[in-house]
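If you want the building blocks of each chain, they are given just below.
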Amino acid sequence: MTEQNMIIGGGCFWCVEAAFNQIKGVKSAISGYCGGDEKDANYDTICSGNTEHVEVVKITFDPEQVSYERLLMLFFSVHDATQLNRQGNDIGTQYRSVIFYLDESQQKIAEKMIETFNRENIFDQKVVTSIEKAKQFYIAEDYHQGYYLKNPNKGYCAAVIAPKFQKFKAQHSELLK
């Protein structure tokens, strides 16, 4: 079995991580930071919005069970790719919609998908997801890992993540573990 990785940012990483950890073929979805140049990124520094890092999820998957393309489609269903530098009330470049490609193949697939979405007006507005070459991935602090699944009743989780997570699971039930 050959595993592959992908790195995506779609707002708060708690929701994205929770959704992707439910998908068959996904070995792990880990919250972290990517995109900036500062060494040893951490939650406090990236929240300033000054480091160019993004809250991201690094997904390790088995391409024989789920393709990169399918995972990208799921990514576009779990967040609003038409909002620039925000997801709902989470505002700033650290919440931007982004695909960090790890090789030329991932770059081309992502570019073609977004081009198709925009050409065919799949969403109400133009997709603004950026496609950027991956830089160093920094794993987020331990308390961020699996945060939603450990804390579903906390304020932000119950109010913001739960509805998105339930909608995601209902829309993609055939892909769930």
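Now for a look at the structure at hand.

Basis of the calculations
Residues numbered from 1 in each chain as written. Predicted model: local features only at pLDDT ≥ 70, side-chain atom pairs only at ≥ 80, totals over all residues. Heavy atoms only, no water. Phe/Tyr/Trp six-rings, centres within 6.5 Å; stacked < 30°, edge-to-face > 60°. Helix = DSSP H or I, 4+ residues; strand = E, 2+ residues; numbered from the N terminus. Buried < 20%, exposed > 50% of the residue type's maximum accessible area, 1.4 Å probe, protein only. 1 Å grid on protein atoms, 1.4 Å probe; cavity = no way out; pocket = protein on both sides within 12 Å on 5 of 7 lines; lining within 4 Å. Points joined across faces, edges and corners; volume = space filled by probe spheres on them. Nonpolar A, V, L, I, M, F, W, Y, C, P; charged D, E, K, R; others polar.

A short note on the packing of aromatic side chains
Next up, step 1: By the definition in use, this model includes nine aromatic pairs.
Next up, step 2: With centroids separated by 6.5 Å and ring planes inclined at 45°, the aromatic side chains of F76 and F123 adopt a geometry described as tilted. Taken together, the residues F76 in helix α3 (residues 68–78) and F123 in the loop between α4 (104–119) and β7 (130–133) connect sequence positions 47 residues apart.
Next up, step 3: Judged by relative accessible area, F123 falls into the partly exposed class, the value being 25%.
Next up, step 4: Relative to F123, the ring of F117 lies with its centre 5.3 Å away and its plane at 85°, an arrangement referred to as edge-to-face.
Next up, step 5: Owing to a relative accessible area of 8%, F117 belongs among the buried residues under this scheme.

Thoughts on the layout of surface pockets
Next up, step 1: By volume, the largest pocket amounts to about 210 Å³.
Next up, step 2: Taken together, F76, S77, V78, H79, D80, Q87, K164, K167, F168 and Q171 form the lining of the largest pocket.
Next up, step 3: Elements with a contribution of two residues or more to the lining of the largest pocket: α3 and α6 (155–171).
Next up, step 4: With four residues, α6 is the largest single contributor of residues to the lining of the largest pocket.
Next up, step 5: In terms of residue class, the lining of the largest pocket is made up of three nonpolar, four polar and three charged.

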